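Survey of secondary and tertiary structure
If you want the building blocks of each chain, they are given just below.
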Protein chains: 2
Amino acid sequence: MASTVIDLASVRSICQQCGIYNLCMPIGLERGDIDQLDEIIKRRRPIAKGEHLYRAGEDFSSIYALRSGSVKTYLNHVSGVEHVIGFKLPGDLLGLSGISGSHYTNSAIALETSSVCEIPFTQLEDLCQEIHGLQHHIMEIMSREIQEDHEKIAVCHKLPAEARLASILLTLSDRFHHRGYSATEFNLSMSRSDIANMLGLAVETISRLFTHFEEEGLLTADRKHIKLLDIKRLSEIVQTA
Amino acid sequence: MASTVIDLASVRSICQQCGIYNLCMPIGLERGDIDQLDEIIKRRRPIAKGEHLYRAGEDFSSIYALRSGSVKTYLNHVSGVEHVIGFKLPGDLLGLSGISGSHYTNSAIALETSSVCEIPFTQLEDLCQEIHGLQHHIMEIMSREIQEDHEKIAVCHKLPAEARLASILLTLSDRFHHRGYSATEFNLSMSRSDIANMLGLAVETISRLFTHFEEEGLLTADRKHIKLLDIKRLSEIVQTA
DNA sequence: CGCCCTCTTGAATTAAGTCAAATAATGTGG
DNA sequence: CCACATTATTTGACTTAATTCAAGAGGGCG
């Protein structure tokens, strides 16, 4: 029956209809492969702002692909202090650090209403066993995460406060641009204090820096709304640091 | 012929004879699987102190398992400044961040005479396709690296200098212990300035802290030779920070 | 509409950095 | 194997970038 065909087509390949699927999943996959992937992926109800996707210590069983919104990942220091590790944007994968110990090693909290695809990891592994390109892709994604983490380590090691803020703004700009959004105008979903924490600085310092950058004509920052006016000079701040 | 059998046995399964193979390669692998792994691994001549294993930007084709010695990984900032990312010990894998872009993204330099096994990555991927446990193991290793990097990010974000040094000493202690060496007495292969760089501090600060820790009876530091005398209190320094 | 939380701004403090110099270790060529 | 050159480490004095403390302004949410 024709209707059956139509049904199958609409049920399957949700990934292909997803605006960001080429970010989280491999471009090189064949149509049939994507269908297989679709079958193991669970769609989740939207996650409200402030809701946790998972918490450090919980049993690990799935990784998550962020479809929309944004998520903050963080560690809890013994003293109870929170250490922000990063901000995830649509297309990013979450939970990869939990693979090794069967528990999530960080916590992930939505910064705004967000949606994710849950990918049961064991099933994904089995699928990787069948689809060579998928195995490679997962390894690539993990590799990229390692690379990004190294850059974060480098940024926070010696760069002065100015360069750190410039750096995170430029990184976000790149990441938005890569997702098809403006590289110069965007909304921050995270608070000043999240940014401060992530950069190893005090909130007050971030606040002063935004003011200072505005005075210098490098950007405008109206609350969460940021316009980068002089990307070239911002890059110089990072580089000459 | 009996001699052939002996030859085969001695040529193969070098991994199994390697004192650290259970660190870099999966414990769960069957004997035949390890033999397959052995076949793709290239043994390399020893690397002299100060020699590079690879440099950022070079074509990526292999990852390396450190067999002996120690290696420092670092990034070069645009300004030419070096940012130390980490220190690798026997059993650690190097070069994982190069998988995604076909180039190494950091540089690796031997801190002392060291030896590595070179593992051509494409061949390893093919083998992962056949051996499920191996695929899982590689993903676990990458996951652990992500986890460790997150901890480094956290350490350098807000902890005072004291806690940072205590933290790296305890981490090294753990890692030596895990490799069957003493947890309380070891030699640092890296310079004070490497430690400083890795922790985002000045050399002078590290030097002063070692003196201070000695005065407090927390450790003795004779040049590179370290004895941890009060691990409990060192942990407290990290935790109460 | 008002409370709360985030953000901003100012002033004082401090942890860590920089600069400078002495000392100790390491390596090199003769 | 020694003397010298070079590099790494330590220590002290001073400086500074960023923090902390304090207080006010601005938005957003119930």
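Everything in this summary refers to the structure shown in the same document. Just so it is clear, the model here is predicted, and its values are computed rather than measured. (Residues numbered from 1 in each chain as written. Chains lettered and ligands numbered in written order. Predicted model: local features only at pLDDT ≥ 70, side-chain atom pairs only at ≥ 80, totals over all residues. Heavy atoms only, no water.)

**Quick look at the protein's contact with DNA strand D**
Close contacts around DNA strand D come from 17 residues, with Ala161(A), Thr205(A), Arg208(A), Arg208(B) and Thr211(B) the closest. Within 4 Å of the protein, the contacting atoms of DNA strand D are drawn from sugar and phosphate to the extent of 62%. Here a base oxygen of DNA strand D sits 2.8 Å away from a polar atom, N or O, in the side chain of Arg208(A). Where the surface near DNA strand D is concerned, the elements lending two or more residues are helix H9 (203–215) of chain A together with helix H8 (192–199) and helix H9 (203–215) of chain B. Broken down by element, the surface near DNA strand D gets its largest block of residues, four residues, from H9(B). Tallied by class, the residues present in the surface near DNA strand D amount to four nonpolar, six polar and seven charged. (Near = heavy atom within 4 Å. Polar contact = N/O pair within 3.5 Å; in protein donor to acceptor, adjacent residues only side chain to side chain. Helix = DSSP H or I, 4+ residues; strand = E, 2+ residues; numbered from the N terminus. Nonpolar A, V, L, I, M, F, W, Y, C, P; charged D, E, K, R; others polar.)

**Focus: the pattern of salt bridges**
Close approach of charged atoms lets side chains of opposite charge pair. Applying the stated criterion across every chain yields a total of 24 salt bridges over all chains. With a shortest N-O distance of 2.9 Å, Asp194(A) and Lys72(A) are connected by a salt bridge. In this pair, Asp194(A) sits in helix H8 (residues 192–199) while Lys72(A) sits in strand S4 (residues 71–76), placing the two residues 122 residues apart along the sequence. Taking relative accessible area as the criterion, Asp194(A) reaches 9% and is therefore assigned buried. Linking Glu118(B) and Arg44(B) is a salt bridge whose minimum nitrogen-to-oxygen distance equals 2.9 Å. Taken as a pair, Glu118(B) in strand S8 (residues 115–120) and Arg44(B) in the loop between strand S1 (42–43) and strand S2 (52–54) lie far apart in primary sequence, 74 residues in all. The network of salt bridges with common partners includes Lys72(A), Glu82(A) and Asp194(A). (Salt bridge = Lys/Arg side-chain N within 4 Å of Asp/Glu carboxyl O. Buried < 20%, exposed > 50% of the residue type's maximum accessible area, 1.4 Å probe, protein only.)

**Re the protein's contact with DNA strand C**
Lining the immediate environment of DNA strand C, one finds 19 residues, of which Arg208(A), Thr211(A), Ala161(B), Thr205(B) and Arg208(B) sit closest. Residue Thr205(B) places a side-chain N or O atom 2.2 Å away from a phosphate oxygen belonging to DNA strand C. Of all the secondary structure elements, the ones that give two or more residues to the surface near DNA strand C are H8 and H9 of chain A together with H9 of chain B. At four residues, the largest contribution of residues to the surface near DNA strand C is made by H9(A).

**Brief notes about the sheet that holds strand S4 (residues 71–76) of chain B**
Strand pairing in a sheet relies on backbone hydrogen bonds. The paired strands run either parallel or antiparallel. Residues and elements named next belong to chain B. Read from one edge of the open sheet, four strands run S2-S7-S4-S5, paired in antiparallel fashion. The two strands at the open ends of the sheet, each matched to only one other strand, are S2 and strand S5 (82–88). Across the sheet, the mean angle from the axis of one strand to that of its neighbour is 30°, orientation sign disregarded. Note that S4 and strand S7 (residues 107–110) share four bridges and pair antiparallel. Bridge assignment links Tyr74 to a residue of S7, and that residue is Ser107. (Pairing = 2+ DSSP bridges. Axes fitted to C-alpha atoms, helices over the stretch in contact; angles between N-to-C directions.)

**Re the nonpolar core**
Within the largest apolar cluster, 75 residues are counted, with the highest numbers of intra-cluster contacts made by Leu37(A), Leu124(A), Leu134(A) and Leu124(B). Contacts of Leu124(A), omitting those with residues within four sequence positions, involve Leu37(A), Ile40(A), Ile63(A), Ile119(A), Leu134(A) and Ile138(A). (Core = buried A, V, L, I, M, F, W, Y, C linked by side-chain atoms within 4.5 Å. Contact = heavy atoms within 4.5 Å.)

**Quick notes on the environment of Asp38(A)**
When you line up the elements, Asp38(A) lands in helix H4 (residues 31–40). Judged by its relative accessible area of 7%, Asp38(A) falls in the buried class.

**Description of the relation of the copies chain A and chain B**
The operation relating chain A to chain B is a screw motion whose rotation component is 180°, with 0.0 Å of axial translation and a residual RMSD of 0.0 Å. Taken together, these values place the two copies in the relation of a two-fold axis. (Least-squares fit on C-alpha atoms with pLDDT ≥ 70 in both.)

**Focus: helix H10 (residues 231–239) of chain A**
All names here are of chain A. Among the residues making up H10, those that are buried are Leu234, Ile237 and Val238. Relative to the axis of H10, the buried residues are bounded by an arc of 100° and lie together on one face. Looking at the buried side of H10, the elements it contacts are helix H7 (161–178), H9 and strand S11 (225–228). (Arc of directions from axis to C-beta.)

**What about the state of the cysteines?**
According to the stated counting rule, one finds zero disulfides over all chains in the structure shown. The thiol of Cys156(B) is not disulfide-bonded; the next cysteine sulfur, from Cys156(A), is found 7.9 Å away. Looking at Cys156(B), the relative accessible area reads 5%, which means it is buried. (Disulfide = S-S within 2.5 Å.)

**A short note on the environment of Ile146(B)**
Inspection of the secondary structure puts Ile146(B) in helix H6 (residues 132–158). Residues Ile146(B) and Leu159(B), spaced 13 residues apart in sequence, show a C-alpha to C-alpha distance of 20 Å.

**Describing the pairing of S7(B)**
Residue and element names in this part refer to chain B. Side chains of S7 alternate between two faces, with Ser107 and Ile109 and Ala108 and Ala110 buried alike. With two bridges joining them, S2 and S7 adopt antiparallel strand pairing. In the sheet register, Tyr54 faces S7, and the bridge partner there is Ala108.

**Remarks on the pairing of S4(B)**
Residues and elements named next belong to chain B. For S4, the buried fraction is high: five of the six residues fall into the buried class. Direction of pairing for S4 relative to S5: antiparallel, over a ladder of six bridges. Within the sheet, the bridge partner assigned to Asn76 lies in S5 and is Glu82. With antiparallel pairing between neighbouring strands as the criterion, S4 and S5 make up a hairpin whose turn holds five residues, including Gly80 at a positive phi of roughly 95°.

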